[in-house]
Amino acid sequence: MSDKIPAPTVLVTAEDDCPLSAALQTRNIACFAAVWCLIYLTAPVSYVGVTHANLLHDLGNSDTVANLPHAVYQWMTALPVLVAWFLPQARWLKPLLVGSFAAKAALTALVAAAIWLRWPAAVVTGCVLLFAGVFGAANGVMLMALWEVVRRGVSTARRGVTLGFSFGIGPIAACAGSLLQQMLMGKEPLTGYTFGMPFPDSYLALFAGALPFMVLCVFLGAAFQIPLPVDEPVASSRTAEILDGLRQFATSRPVVLAAVGYLLVYSGGNAIFDNVSLHAKDVLGQATPDTVGLQNFLRFGFKAVAGVLLGWLLAKTNPKAALLATTAILLAGMAWALNVSGWWYLLTAGLLGAGELFGVYFPNYVTTASAKSQVRANIAYLNLLGSLVGFASVIFGQVSDRFGRIASFHTATGVLIAAMLLIVFALPARPVPREESPAAAA
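These numbers were taken from a predicted model, which means no experiment stands behind them.

The rules behind these values
The written sequence of each chain sets the order in which its residues are numbered from 1. Totals for whole chains, interfaces and linings use all residues, but because this is a predicted model, local features are given only for residues with pLDDT of at least 70 and pairs of side-chain atoms are given and counted only at 80 or more. In computing side-chain properties, one takes all heavy atoms of the structure into account and sets aside hydrogens as well as water. Secondary structure elements are defined from DSSP: runs of H or I of at least 4 residues count as helices, runs of E of at least 2 residues count as strands, and each element is numbered from the N terminus. Exposed residues in this analysis have more than 50% of their type's maximum accessible area, buried residues have under 20%, and partly exposed residues fall in between, with area computed by a 1.4 Å probe over protein chains only. Only heavy atoms enter the contact rule, under which two residues are in contact if any of them lie within 4.5 Å. The Shrake-Rupley method, run with a 1.4 Å probe sphere, supplies the accessible areas, and residue values consider only the shown protein chains as cover. Here the term cavity refers to a set of points on a 1 Å grid, laid over the protein atoms alone, in which a 1.4 Å probe fits but cannot get out; the term pocket refers to an open set having protein on both sides within 12 Å along at least five of seven lines, with lining residues being those that place an atom within 4 Å of a point. Grid points are joined across faces, edges and corners, and a volume is the space filled by probe spheres set on the points. Throughout, nonpolar core names a set of buried Ala, Val, Leu, Ile, Met, Phe, Trp, Tyr and Cys residues whose side chains join them through atoms within 4.5 Å. Ring pairs shown here join Phe, Tyr and Trp side chains whose ring centres sit within 6.5 Å, with only the six-membered ring taken for Trp; geometry is labelled stacked below 30 degrees between planes, edge-to-face above 60, and tilted in between. An axis is simply a line fitted to the C-alpha atoms; with a helix, the fit covers only the stretch in contact. Between two such axes, the angle follows the N-to-C directions and lies from 0 to 180 degrees. Note on angle classes: values under 35 degrees are labelled roughly parallel, values over 145 roughly antiparallel, values of 65 to 115 roughly perpendicular, and the remainder oblique. Crossing handedness is read from the near helix: turned anticlockwise from the far helix by less than a right angle, it gives a left-handed crossing, and turned clockwise, a right-handed one. Under the scheme applied here, ten amino acids are nonpolar (Ala, Val, Leu, Ile, Met, Phe, Trp, Tyr, Cys and Pro), four are charged (Asp, Glu, Lys and Arg), and all others, including Gly, are polar. Note on terminology: disulfide denotes any pair of cysteine sulfur atoms within 2.5 Å. One less than the number of residues in a helix, times 1.5 Å, gives the span that helix is expected to have. Across the chain, each position has a pLDDT score giving the predictor's confidence in that residue, from 0 to 100. Whenever a nitrogen or oxygen atom comes within 3.5 Å of another N or O atom, the pair is scored as a polar contact, on the condition that within protein one atom can donate a hydrogen and the other can accept it, and that pairs from neighbouring residues in sequence are kept only if both atoms are in side chains.

Overview of the overall build of the chain
Point 1. A tally of regular secondary structure across the chain gives 21 helices and zero strands.
Point 2. Buried positions account for 56% of the 442 residues belonging to the chain.
Point 3. When contacts within the chain are restricted to residue pairs at least 6 apart in sequence, long-range pairs at least 24 apart make up 85% of them.
Point 4. Surface exposure of the chain reaches about 17,200 Å², of which carbon and sulfur atoms provide 70%.

What follows is the structure, given as structure tokens:
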């Protein structure tokens, strides 16, 4: 069956801008939500950062090396810009989604095999870093494609419902995955139950258990219905089209400023997460059992609540309000980390997890401000800027090794304050995309 769906003959409003029927839009919303539920279910593995930092730390690496997976992940998110340049046609959306999901499944299998075969610690470390790099590139492609699917396959009027549904229910699945992680690596906090698996078998079970769900994402990626142009134009000059896309990105004030804000918030609110997690043992005592699973449970439990509320906020207000809310939550999380002690410290993971939804609402802001033909390129450029966050991870690791983790917390707080000022004073509440050229809108 062809994916090419002719444009409707009726006029649509700015908020009802999708040519698909309501039923097919609902199917896309369901597929989008299901993909994110599976990503969240496997979050201890698929969210490169906390788990990988603790794994490398337990293998005997320094804080700087433990921060490298997150850094490598961020650096590799720059590569999808090449996809946006050389595979810009809408007909590539499904192959890109399926390919990115398949690549992530393959690297998850590699890390599981490395631990199972008891390869040397240096080799396992290398596999984890390779995993992080491939995930960075694959997730960059996946996110770029998913946002274009939402822009093309779901009307703007249903965007708040789509995001609230996906990122309200999805993190609940992550809570389940995090509890399983905690039982693998320590005791479940309510019942005290544990699988009693020693290191590194606990990590083997974690990566191997995530693999089937990542394979299922491959099939969901093929299930989206995407309205393709009947006669998609072929660019006469790829170089000219790339330069035109760069010009449109660089001259769109809301898009550029949102991208800078995204870089600042990502650096201050997400790159610091590894140090926040590693610091838990210093706060609770080195004899305390591993709390990584509990941290992830709080991270995604708070995110589930915030996901529903932020979706409602977007539906009732404007895209800028969600940026302000997520950045404010991240600032609250860093303030909490700097001012509490004991088991209360773990709530930092919950606050940072809720604020981590900036990774949804900044791309949504850029998507809203972009013409349909520019969504893939603009999200790719957003990822390109986001790749610089890898340097923030390295910097936080070095600050931690030289001056202590608390110093890295103060540094992250300063970056978040700068981001908040930019959002408040520079970004319009309702960004309006430029009209597409006749060729691009064909």
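A closer look at the environment of I379
Point 1. If you trace the backbone, I379 turns up in helix α19 (residues 375-386).
Point 2. You can call I379 buried: its relative accessible area is 2%.
Point 3. Along the backbone, I379 and F249 are 130 residues apart, and their C-alpha atoms lie at a distance of 9.9 Å.
Point 4. Apart from the residues lying within four places of it in its own chain, the contact partners of I379 are L143, M144, W147, P363, V366 and T367.

Some remarks on empty space enclosed by the protein
Point 1. One pass over the structure, following the stated rule, counts three cavities of 30 Å³ or more.
Point 2. By volume, the largest cavity amounts to about 600 Å³.
Point 3. Around the largest cavity sit 36 residues that line it, and Y47, Y73, L143, Y266 and G359 are the ones nearest its centre.
Point 4. Elements represented by at least two residues in the lining of the largest cavity include exactly α1 (22-41), α5 (68-76), α8 (121-153), α12 (253-269), α13 (273-278), α15 (292-316), α18 (358-368) and α19.

Brief notes about the nonpolar core
Nonpolar side chains in soluble globular proteins tend to end up buried together.
Point 1. Within the largest apolar cluster, 124 residues are counted, with the highest numbers of intra-cluster contacts made by W36, F224 and Y361.
Point 2. For this core, the element with the highest residue contribution is α8, accounting for 14 residues.
Point 3. Residue contacts for Y361: discarding those within four places in its chain leaves L163, G307, L310, G311, L314, A322 and L323.

Details of the packing of aromatic side chains
Point 1. Under the criterion given, the structure shown has 15 aromatic pairs.
Point 2. Taking 5.8 Å as the distance between ring centres and 70 degrees as the angle between the ring planes, the aromatic pair formed by Y40 and F300 counts as edge-to-face. Remark: F300 occurs in helix α15 and Y40 occurs in helix α1; sequence separation between them is 260 residues.
Point 3. Residue Y40 is classed as buried on the basis of its relative accessible area of 1%.
Point 4. Both rings, one in F131 and one in F207, keep their centres 5.6 Å apart while their planes meet at 80 degrees; by these two values the pair is edge-to-face.

Considering the packing of α1 against α8
Point 1. One can describe the packing of α1 onto α8 by two numbers: an axis separation of 10 Å at closest approach and a directional angle of 155 degrees. With respect to each other, α1 and α8 are oriented roughly antiparallel. The interaxial crossing formed by α1 with α8 has left-handed handedness. Side by side, α1 and α8 meet where Q25, N28, F32, V35, W36 and I39 of the first sit next to M142, L143, L146, V150 and G153 of the second.
Point 2. Looking at the contact of α1 with α8 residue by residue, the classes come out as eight nonpolar, three polar and no charged.

Considerations on the state of the cysteines
Point 1. Applying the stated criterion across every chain yields a total of zero disulfides.
Point 2. Left unpaired, C37 is separated from the closest cysteine sulfur, that of C217, by 10.0 Å.
Point 3. The exposure class assigned to C37 is partly exposed, which follows from its relative accessible area of 21%.

Considering α12
Point 1. Look at α12: 24 Å from first C-alpha to last across 17 residues, which is about the 24 Å you get at 1.5 Å a residue.
Point 2. With 13 of 17 residues buried, α12 lies mostly within the body of the structure.

Here we look at the confidence of the model for the chain
Point 1. Here the chain shows a mean pLDDT of 82. Residues at 70 or above account for 89%.
Point 2. Mean pLDDT per element in the chain: helix α11 (residues 238-251) is the minimum at 76, and helix α16 (residues 319-339) is the maximum at 93.
Point 3. The low-confidence segment residues 1-14, where pLDDT is below 50, has 17 contacts with residues more than four positions distant or belonging to other chains.
Point 4. Below a pLDDT of 50 lies the segment residues 437-442, which in the model reaches six contacts outside its immediate sequence neighbourhood of four places, other chains included.

Some words on the layout of surface pockets
Point 1. Approximately 220 Å³ is the volume found for the second largest pocket.
Point 2. Taken together, 14 residues make up the lining of the second largest pocket; nearest its centre are G177, L180, L206, G209 and A210.
Point 3. Sorting the residues of the lining of the second largest pocket by element identifies α2 (43-46), α9 (159-185) and α10 (201-221) as the ones contributing at least two each.
Point 4. The dominant element in the lining of the second largest pocket, judged by the number of residues it contributes, is α10, at five residues.
Point 5. Here the residues of the lining of the second largest pocket sort into ten nonpolar, four polar and no charged.

Description of the packing of α9 against α15
Point 1. Across the interface, α9 lies against α15 with an axial gap of 7 Å and an inter-helix angle of 170 degrees. Here α9 is positioned roughly antiparallel relative to α15, judged by the angle of their axes.
Point 2. When grouped by side-chain class, the residues that make up the contact of α9 with α15 number 15 nonpolar, eleven polar and two charged.

Examining unusual backbone geometry
Point 1. Of note, the amide linkage connecting F199 to P200 takes the cis form, showing an omega dihedral of 5 degrees.
Point 2. Along the chain, P200 falls in the loop between α9 and α10.
Point 3. Of note in the backbone geometry, R118 takes a positive phi value of approximately 55 degrees without being a glycine.
Point 4. Mapped onto the fold, R118 is located in the loop between α7 (93-116) and α8.
Point 5. Since its relative accessible area comes to 45%, R118 is described here as partly exposed.

Observations concerning the side chain of T367
Point 1. Note that T367 resides in helix α18.
Point 2. Of note is the side chain of T367, whose polar atom sits 2.8 Å from the backbone oxygen of P363.
Point 3. With residues near it in sequence (within four places) discarded, T367 still touches W147, R151, R159, V375 and I379.

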